[in-house]
Amino acid sequence: MANGLLQLRIDDNLRQQAADIYAQLGLDLSTAIRIFLTRSVQVRGIPFSMVLPDNNEYKAFDGVAAMKRMSGAAEKSGASVMTLAEINAEISAVRNGK
């Protein structure tokens, strides 16, 4: 089978991050791309889901909403300006039942 040359331009940082991940899997970047293309041919499309998650089902939205609620509560209670020592003292007091 004849081999062809595939060239593409990609952000250096993205290329390095992907190469690092594939190296941990024992693959070089060229092999990983060949696997992607082979799988694309096998499934006759992109070999992974490419749909936007529903806001109600995507866990990160829940996490961000929770962080916003906690941040607001911390600002209202004054806890957002506490030092680490003050926070640790509060935790100790609660643990000791004070």
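Colleague: Give me the environment of Ile46: which residues, what numbers.
Modeller: Positionally, Ile46 belongs in the loop between α2 (29-43) and α3 (59-77). For the pair Ile46 and Tyr22, spaced 24 residues apart in sequence, the C-alpha to C-alpha distance is 19 Å.

Colleague: So what's going on with the side chain of Ser40? Residues and values would help.
Modeller: Along the polypeptide, Ser40 turns up in helix α2. At a separation of 2.8 Å, a polar atom in the side chain of Ser40 contacts the main-chain carbonyl oxygen of Phe36. Residues in contact with Ser40, not counting those within four places in the same chain, are Gly45 and Pro47.

Colleague: Explain a nonpolar patch on the surface to me, using residue names and the numbers behind them.
Modeller: Taken together, the side chains of Leu6, Leu8, Ile10, Leu14, Ile33, Phe36, Leu37, Ile46, Phe48 and Met50 present a nonpolar region at the surface, about 960 Å² in accessible area. Take the nonpolar patch: its biggest share by element is 3 residues, from α2. By the element assignment, Leu6 lies in the segment before α1 (12-24).

The rules we used
Residues numbered from 1 in each chain as written. Predicted model: local features only at pLDDT ≥ 70, side-chain atom pairs only at ≥ 80, totals over all residues. Heavy atoms only, no water. Helix = DSSP H or I, 4+ residues; strand = E, 2+ residues; numbered from the N terminus. Polar contact = N/O pair within 3.5 Å; in protein donor to acceptor, adjacent residues only side chain to side chain. Contact = heavy atoms within 4.5 Å. Patch = residues over 30% accessible without salt bridge, like charges linked within 9 Å, V, L, I, M, F, W, Y side chains within 5 Å. Areas by Shrake-Rupley, 256 points an atom, 1.4 Å probe, with all protein chains shown as cover. Salt bridge = Lys/Arg side-chain N within 4 Å of Asp/Glu carboxyl O.

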